[in-house]
Amino acid sequence: MATENGAPDLVVVMPAYNEEACIEAVTREWVAVARQYRGVLIVINDGSRDRTEGLLGQLVRELPELRVIHQPNAGHGAALLAGYRAALAARPKWIFQTDSDGQIAASEFDRLWSVRDEAPVILGHRFERRDPAHRKLISGVARGMIAALFGARGLADPNVPFRLMRSDWLAQALAQVPAGVFAPHLFLSILAAREGFREISVEHRPRLTGQPSLPSGRLLLACLRSAGELWRFRR
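Here the residue index of a chain counts from 1 through its sequence in written order. In keeping with the predicted nature of the model, local features appear solely for residues at pLDDT of at least 70, side-chain atom pairs appear and are counted solely at 80 or more, and the whole-chain, interface and lining totals rest on all residues. For side-chain calculations, the full set of non-hydrogen atoms in the structure is used, while hydrogens and water are omitted.

## Some remarks on the environment of Phe109
Then, in step 1: Residue position: Phe109 is located in helix H4 (residues 109–113).
Then, in step 2: Under the scheme applied here, a residue whose accessible area is under 20% of the maximum for its type counts as buried, over 50% as exposed, and between as partly exposed, the area being computed with a 1.4 Å probe on protein chains only. Here Phe109 falls in the buried class, since its relative accessible area comes to 1%.
Then, in step 3: Remark: the alpha-carbon pair of Phe109 and Trp30, spanning 79 residues in sequence, is separated by 9.5 Å.
Then, in step 4: We call two residues contacting when some pair of their heavy atoms lies within 4.5 Å. For Phe109, the residues in contact, after removing those within four places along its chain, are Leu10, Trp30, Val33, Tyr37, Phe96, Phe162 and Leu164. Put simply, DSSP marks the helices as runs of H or I at least four residues long and the strands as runs of E at least two long, and each gets a number from the N terminus on.

## With respect to unusual backbone geometry
Then, in step 1: For Arg38, which is not a glycine, the phi torsion comes out positive at approximately 50 degrees.
Then, in step 2: By the secondary structure assignment, Arg38 is in the loop between helix H1 (23–36) and strand S2 (40–46).

## Describing helix H2 (residues 52–62)
Then, in step 1: The complete set of buried residues in H2 reads Thr52, Leu55, Leu56, Gly57 and Leu59.
Then, in step 2: Structurally, H2 contributes buried residues whose contacts are with strand S1 (10–16), H1, S2 and strand S3 (66–71).

## Points about the nonpolar core
Then, in step 1: Formed by 67 residues in total, the largest nonpolar core has its most connected members in Leu10 and Trp30.
Then, in step 2: Apart from residues lying up to four places away in sequence, Trp30 is in contact with Val12, Met14, Leu41, Phe96, Thr98, Ile104, Ala105, Ala106, Phe109 and Phe162. Throughout this description, the term nonpolar core refers to a set of buried Ala, Val, Leu, Ile, Met, Phe, Trp, Tyr and Cys residues connected via side-chain atoms within 4.5 Å.

## Here's the deal with the layout of surface pockets
Then, in step 1: Empty space within the second largest pocket amounts to approximately 170 Å³.
Then, in step 2: Grid points spaced at 1 Å and placed over the protein atoms alone form the basis of the search, with a cavity being a set where a 1.4 Å probe fits but cannot get out and a pocket an open set showing protein on both sides within 12 Å along at least five of seven lines. Lining residues have an atom within 4 Å of a point. As for the second largest pocket, its lining consists of Cys22, Ala25, Val26, Glu29, Asp101, Gly102, Gln103, Arg205, Pro206, Arg207, Leu208 and Thr209.
Then, in step 3: Of the residues belonging to the lining of the second largest pocket, the class tally is five nonpolar, three polar and four charged. Grid points are joined across faces, edges and corners, and a volume is the space filled by probe spheres set on the points. When residues are grouped by polarity, Ala, Val, Leu, Ile, Met, Phe, Trp, Tyr, Cys and Pro land in nonpolar, Asp, Glu, Lys and Arg in charged, and all others, Gly among them, in polar.

## Thoughts on the pairing of strand S6 (residues 162–166)
Then, in step 1: The buried count for S6 comes to four of five residues, which makes it a mostly enclosed element.
Then, in step 2: Strands pair, by our definition, only if DSSP identifies at least two bridges between them. Pairing between strand S4 (residues 94–98) and S6: five bridges, direction antiparallel. Opposite Thr98, over in S6, you have Phe162 as the bridge partner.
Then, in step 3: Here strand S5 (residues 121–126) pairs with S6 via three bridges, running antiparallel. Counted as the bridge partner of Val121 is Met165 from S6.

## A closer look at helix H6 (residues 167–174)
Then, in step 1: Those residues of H6 not exposed but buried are Ser167, Trp169, Leu170, Ala173 and Leu174. The buried side chains of H6 occupy one side of the element, clustering within an arc of 155 degrees when seen end-on.
Then, in step 2: Tucked into the core, H6 has its buried residues touching helix H3 (76–89), S4, S5, S6 and helix H7 (184–195). When we speak of the arc, we mean the arc of directions from the helix axis to the C-beta atoms.

## Some thoughts on the packing of H6 against H7
Then, in step 1: Only the contacting stretch of a helix is used when fitting its axis, a line to C-alpha atoms as for every element, and angles between N-to-C directions run 0 to 180 degrees. Axis separation between H6 and H7 bottoms out at 10 Å; the angle between their running directions is 120 degrees. Taken together, H6 and H7 sit at an angle that is classed as oblique. Both H6 and H7 take part in a crossing whose hand is right-handed. Of the residues in H7, those in contact with Trp169, Leu170, Gln172, Ala173 and Leu174 of H6 are Leu188, Leu191, Ala192 and Glu195. When describing relative orientation, an angle under 35 degrees is termed roughly parallel and one over 145 degrees roughly antiparallel, while 65 to 115 degrees is termed roughly perpendicular and anything else oblique. Note: crossing handedness is left-handed where the near helix turns anticlockwise from the far helix by less than a right angle, and right-handed where it turns clockwise.

## Side note on the packing of H1 against H2
Then, in step 1: Remark: H1 packs on H2, axes separated minimally by 10 Å, with the N-to-C direction vectors making an angle of 35 degrees. Seen from above, H1 lies across H2 with right-handed handedness. Contact residues: Ile23, Glu24, Thr27 and Arg28 in H1; Thr52, Leu55, Leu56, Leu59 and Glu62 in H2.
Then, in step 2: For the contact of H1 with H2, the per-class residue count stands at four nonpolar, two polar and three charged.

## Looking at the sheet that holds S6
Then, in step 1: The strand order S3-S2-S1-S4-S6-S5-S7 describes an open sheet built from seven strands, whose pairing is mixed. Looking at which strands have only one partner, the edges of the open sheet turn out to be S3 and strand S7 (198–202). Averaged over neighbouring strand pairs, the angle between their axes works out to 20 degrees when direction is ignored.
Then, in step 2: Packing of H3 onto the sheet brings it into contact with S1, S2, S3, S4 and S6, and relative to S1 it is tilted by some 155 degrees.
Then, in step 3: Sitting on the sheet, H7 touches S4, S5 and S6, and the angle it makes with S6 is about 55 degrees.

Encoded structure:
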């Protein structure tokens, strides 16, 4: 139910970029979750160039639990931070983040919600990740770097786009994340590892529509940038 001050109990944050083939179905799935827990869904349209913006415009007129933020294309990390700021302004108790590609079903949310009182951060873990080998390799390198630099060896999936966070924890954690970082989730996971978290396995599905927001040709440069940001954060 809603909190005493009228704020939602839950805000779901979902960045979106060029997801016209699945955005309606995925949005409806997550609106159903938000409705069940007296919450709202915030979709951040990160400068999509296809029909994503128009489809969201139709949905927001139909679904009272849906909020949409439009911004020029700034990347997944910037869209996340914009969504988190909007979510914190709504003063919920919990903030949840997922991606708009439908690779993790909304039905997996209950796995995290059921253990929400055990830690301020509950992370999903894509235990059988259905992504190309190079993406899984890069995630493994990031996991190794975080373990080596910060001693956070319990993080199986530090950049997972499926995480439930207590809003008061997120507010203080975001204040410690350096401005303009490429992958803010890596930094949030490092901070969660210091203060306590739970990791719950969730089913991961192959991407059936659209394209990743970061093309494979730019992925290596992004990884090098993230490595430098992590090193500076460690120092």
